[in-house]
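One-letter residues, chain by chain:
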Amino acid sequence: MLSESFGMSELEKLKKEILRGAIRENVELLDDRAYIERRFWRPRWQWRWPARALTAAAAGVVVFLSVNAISTGGAEKPEVLVVTPGTAAQAPLAGLHQAPRAIAPTLFRLEVGKVVLDPGHGGADPGASAASGLVEKEVTLDVARRLRALLEEARFQVGMTRADDRALALRERVAMANAEHADLFVSIHVNSIPQKEARAVETYFLGAADGPQIAEVARIENQGSGYSLSDFRQLLDGVYAGVRQEESRRLAGEVQKSLFSGLHEANRELYDRGVKSAPLAVLIGTEMPGILVEVSCVSNEAEARLLARTDYRQRIAASIFQGLRSYMDSREPAPRTAGRKTEKGS
Amino acid sequence: MAGKKDLLHVGIDLGTSRSAITASNGSRHVVESYVGWPVDMVARKVVKKPILFGREALENRPMLDLHRPLERGLIKEGSEKDEAAVRELLRHLISLAAPTEGQKVQAVVGVPAEALRVSRQNLRTAVKGVADALMIVSEPFAVAYGLDALLHTMIIDIGAGTTDFCVMNGRYPTEEDQRTLTNAGDAVDDQLMMLVKARHPEARFSIHMIREWKEANGFVGEPGAPVHVTAPVSGKPTLLDITSEMRKACETLVAPLSETMLDLLSRVEPEYQERVRRNVLLAGGGSQIRGLSAALEKALANVGGGSVRPIEDPVFAGAIGGLAIALDAPGEDWEQLAG
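Rules and cut-offs
Residues numbered from 1 in each chain as written. Chains lettered and ligands numbered in written order. Predicted model: local features only at pLDDT ≥ 70, side-chain atom pairs only at ≥ 80, totals over all residues. Helix = DSSP H or I, 4+ residues; strand = E, 2+ residues; numbered from the N terminus. Contact = placed C-beta atoms within 7 Å. Buried ≥ 20, exposed ≤ 12 C-beta atoms within 10 Å, placed from the backbone. Pairing = 2+ DSSP bridges. Axes fitted to C-alpha atoms, helices over the stretch in contact; angles between N-to-C directions. Parallel < 35°, antiparallel > 145°, perpendicular 65-115°, else oblique. Arc of directions from axis to C-beta. Core = buried A, V, L, I, M, F, W, Y, C linked by C-beta atoms within 7 Å. Left-handed = near helix turned anticlockwise from the far one by under 90°. Nonpolar A, V, L, I, M, F, W, Y, C, P; charged D, E, K, R; others polar.

Each helix and strand counted, chain A has 13 helices and 8 strands in total. By sequence separation, contacts in chain A at least 24 residues apart represent 82% of the contacts at least 6 residues apart.

Residues and elements named next belong to chain B. Structurally, the position occupied by His-152 is in strand S9 (residues 151-158). What makes His-152 buried here is the crowd of 21 C-beta atoms within 10 Å. Along the sequence, His-152 and Val-268 sit 116 residues apart, while their C-alpha atoms lie 8.9 Å from each other. Excluding residues that lie within four positions of it along the chain, His-152 makes contacts with Tyr-272, Arg-275, Val-276 and Asn-279.

Residue and element names in this part refer to chain B. Taking every second residue as pointing to the same face, both faces of strand S14 (residues 280-283) are buried, with Val-280 and Leu-282 on one and Leu-281 and Ala-283 on the other. Alignment of S9 against S14, held across 4 bridges, turns out to be parallel. Paired with Met-154 across the bridge in S14 is Val-280. Where S14 and strand S15 (residues 308-310) come together, 3 bridges link them in parallel fashion. Opposite Leu-281, over in S15, you have Arg-309 as the bridge partner.

Here we come to the sheet that holds strand S7 (residues 104-111) of chain B. Residues and elements named next belong to chain B. With respect to topology, 5 strands assemble into an open sheet ordered S3-S2-S1-S7-S8, the strand pairing being mixed. The outermost strands of the open sheet, each flanked by one partner alone, are strand S3 (28-32) and strand S8 (133-138). The sheet shows a mean angle of 15° between the axes of neighbouring strands, direction not considered. Bridge analysis of strand S1 (residues 7-14) against S7 gives 7 bridges, and the strand direction is parallel. From the neighbouring strand, Leu-8 faces S7, where its bridge partner is Val-105.

The subject of this paragraph is the packing of helix H6 (residues 139-146) of chain B against helix H13 (residues 317-328) of chain B. All names here are of chain B. At their nearest, the axes of H6 and H13 sit 7 Å apart, and the two run at 70° to each other. Accordingly, the angle class assigned to the pair H6 and H13 is roughly perpendicular. Contacts from Glu-139, Ala-142, Val-143, Tyr-145 and Gly-146 in H6 reach Ala-317, Gly-318, Ile-320, Gly-321, Gly-322, Ala-324 and Ile-325 in H13.

Residue and element names in this part refer to chain B. Judged by pairing direction, the sheet is mixed, and its 5 strands sit side by side in the order S11-S10-S9-S14-S15 without closing on themselves. Unpaired on one side and paired on the other, strand S11 (178-181) and S15 mark the two borders of the sheet. The mean angle between the axes of side-by-side strands here comes to 20°, regardless of whether they run parallel or antiparallel. Here strand S10 (residues 163-169) runs beside S11; their pairing, made up of 4 bridges, is antiparallel.

Before going further, it helps to spend a moment on helix H9 (residues 243-251) of chain B. Residue and element names in this part refer to chain B. Of the positions making up H9, those classed as buried are Glu-245, Met-246, Ala-249 and Cys-250. Down the axis of H9, the buried set is contained in an arc of 120°. They therefore lie on one face. Against the buried residues of H9 lie helix H7 (185-199) and helix H8 (207-217).

Moving on to the nonpolar core. Counting residues in each nonpolar core, the largest one holds 107 residues, and the members touching the most others are Val-109, Leu-134, Met-135, Ala-144, Ile-155, Ile-156 and Ile-325 of chain B. Those residues in contact with Ala-144 of chain B that sit more than four places away from it in its chain are Ala-149, Leu-150, Thr-153, Ile-155, Cys-166 and Met-168 of chain B. Among the nonpolar cores identified, the runner-up in size contains 61 residues, and Ala-144, Ala-177, Val-201 and Tyr-312 of chain A belong to it.

Moving on to the pairing of strand S6 (residues 200-206) of chain A. Residue and element names in this part refer to chain A. Counting buried positions along S6 gives 7 out of 7 residues, so the element sits mostly inside the fold. Pairing of S6 with strand S7 (residues 271-278) involves 6 bridges; the strand directions are parallel. Bridging across to S7, Thr-203 finds its partner in Val-275. Pairing between S6 and strand S8 (residues 290-297): 3 bridges, direction antiparallel. Opposite Tyr-204, over in S8, you have Leu-292 as the bridge partner.

Residue and element names in this part refer to chain B. Packing of helix H10 (residues 254-266) against helix H12 (residues 292-301) leaves a shortest axis separation of 10 Å and a crossing angle of 45°. Taken as axis vectors, H10 and H12 run oblique relative to one another. Between H10 and H12 the crossing geometry is right-handed. Packed against H10, whose contacting residues are Val-254, Leu-257, Ser-258, Met-261 and Leu-262, the element H12 presents Ala-295, Leu-296 and Ala-299 at the interface. Partitioned by chemical class, the residues of the contact of H10 with H12 number 7 nonpolar, 1 polar and no charged.

Right, let's get into H8 of chain B. Residues and elements named next belong to chain B. Every buried residue of H8 is listed here: Ile-210, Arg-211, Trp-213, Lys-214 and Asn-217. Viewed end-on, H8 has its buried residues packed into an arc of 165°, placing them on one side of the element. Buried residues along H8 sit against H7, strand S12 (228-233) and H9.

Attention now goes to unusual backbone geometry. Residue and element names in this part refer to chain B. Located in the positive-phi region is Lys-48, a residue other than glycine, with phi close to 60°. As for its position among the elements, Lys-48 is in the loop between helix H1 (41-47) and strand S5 (52-53). In this structure Lys-48 comes out as exposed when scored by C-beta crowding, with 8 C-beta atoms within 10 Å. For His-152, which is not glycine, the phi dihedral falls at a positive 50°.

Moving on, we get to the environment of Ser-266 of chain B. Residues and elements named next belong to chain B. Residue position: Ser-266 is located in helix H10. You can call Ser-266 exposed: it has 10 C-beta atoms within 10 Å. Sequence-wise, Ser-266 and Val-303 are 37 residues apart; in three dimensions their C-alpha atoms are separated by 9.6 Å.

As structure tokens, then:
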């Protein structure tokens with residue numbers, strides 16, 4: 001067919017060039033596994049955020065922890081705790097939870113290696129549904145799979161709380177994310193709101209409810225969590241207050257920004273409902289920075305039609321991916337001298 | 001490096017509904033993408049095989065744990081059986097090509113673009129070890145390569161699980177050059193099933209019968225002849241008229257396909273749009289729906305007109321393209337893809 005307008009030698013050249021693309025893609029696919037395993041395999045405990053500081057200390061590295069930077073409002077110079085190998089070895093992990101501290105995340109580089117994706121609902125719990133029959137559990141799983149492919153392509157390790165259509169209590173999702181020792185947790189949901197005309201995206205991070213409407217969202221999303229009320233109290237106590245909340249807020253901001261700009265191009269009436277905090281069970285129990293993204297409103301007929309299209313779902317996944325990348329890229333390592341200025345003793 | 005005689009190159013189209021293989025030794029085969037394992041020892045004694053494929057699996061389905069592993073164009077996850085089904089299906093296809101003893105098999109497998117996009121690693125893991133070296137490509141790309149349709153062409157591959165669109169711009173297609181819809185053969189079958197059930201509630205039929213009826217009689221636009229099929233009513237074979245249901249079900253493809261085709265066209269460099277419009281090729285089983293190319297041409301008429309043609313040999317076009325890729329890939333590149 002091409003030879004009608006193309007010389008044979010040109011055709012051969014073009015084929016060779018195009019073929020090279022296919023081969024490159026396959027070789028990269030083969031290399032990915034080995035690369036990921038080489039780069040990201042570490043003893044399981046090393047994935048934990050608090051434990052990383054201890055790891056560095058045990059290796060004889062001085063780690064600087066800025067204490068209560070938030071409580072002092074940042075007006076005072078951050079106090080610096082010097083952790084020696086001896087104290088680190090003796091410090092119980094539980095102690096860290098009892099005395100939550102805000103760690104300035106840029107003081108040392110916390111590389112993001114593993115992301116756990118949590119497709120909302122599943123199995124007998126379909127989540128929200130559209131008049132067309134489209135159900136939330138299918139959309140969330142599909143978007144999560146697409147996002148996983150993008151993350152894996154970028155050489156991140158990815159875990160999924162569910163990879164098929166099964167019901168999972170929120171408690172199980174939390175347990176899985178923690179067992180995976182993920183660095184980030186992204187829960188994917190689809191909104192359904194009373195204002196049928198609204199097309200919107202919003203992203204949540206852990207915190208007090210921003211208002212009565214948010215409390216209602218939290219109530220809905222916390223249904224079937226598998227947690228008792230007393231568990232909630234304990235979970236809230238266990239929140240690694242400073243760094244995790246701050247990191248989650250930044251992560252939510254980047255993802256929301258990217259999601260809105262990525263979808264707005266194809267969905268001009270989309271409304272940016274912004275970043276909000278809410279006491280969502282799935283975010284309370286997870287030990288790493290985490291967000292819950294409401295990627296669209298299935299209650300809006302036009303948006304439900306868009307959600308039924310694979311290219312729109314791919315766009316959602318790509319936008320979340322871009323947001324995650326922006327967050328990761330923003331985590332620049334601090335200059336080596338930054339900590340020394342405030343170092344106390346040695 | 002192995003000599004030509006020591007190598008068997010194969011191109012495989014791993015489809016949701018059918019899978020085909022063509023090989024450098026001239027053999028070509030097609031099987032329906034069903035894989036079934038006997039459910040128990042009794043079933044195993046009856047079917048006399050540890051695993052069944054294609055039509056044979058379908059016909060013995062009451063005794064089998066039957067899998068159609070690429071439903072909706074994706075490898076099903078969370079089920080080891082579905083991953084095993086993909087692997088076994090590929091092994092079976094390669095065995096049909098009959099490599100001689102000691103001959104190394106270098107295979108190019110075309111899969112629905114969506115499978116490649118969403119579960120690439122999963123797919124790669126599932127097919128690991130079925131050939132001595134293996135390359136996975138998207139189905140529409142394999143079709144384009146086999147037809148030398150590499151420049152200013154749009155391939156619309158209407159499969160069972162998905163319809164894949166791919167614009168060939170003289171480069172290996174990127175995400176921007178491709179689209180996927182789930183409006184495809186299976187969706188038409190579901191529609192047809194619903195419509196026929198509503199019109200003939202007393203008749204008994206299965207989704208497999210519906211699929212066969214569609215493959216034999218699918219059309220859009222004016223019917224050439226009434227569509228009559230036979231199905232049991234109270235146990236008695238009865239002739240049913242399903243002409244309007246067939247038309248309605250098949251025409252559900254026209255709007256989304258037209259819309260996506262025009263959207264993708266609008267993203268082609270303006271100076272090349274006309275050439276692409278004149279080179280729209282329909283591939284896959286759905287390309288055989290009568291009147292579909294004319295309906296898509298009608299949509300093109302609104303933007304200056306164009307030509308939509310079903311390709312020849314749609315059953316084997318993907319496998320032929322895969323074989324062409326396998327033969328053209330240099331030996332040193334195959335070495336990188338071993339294992």
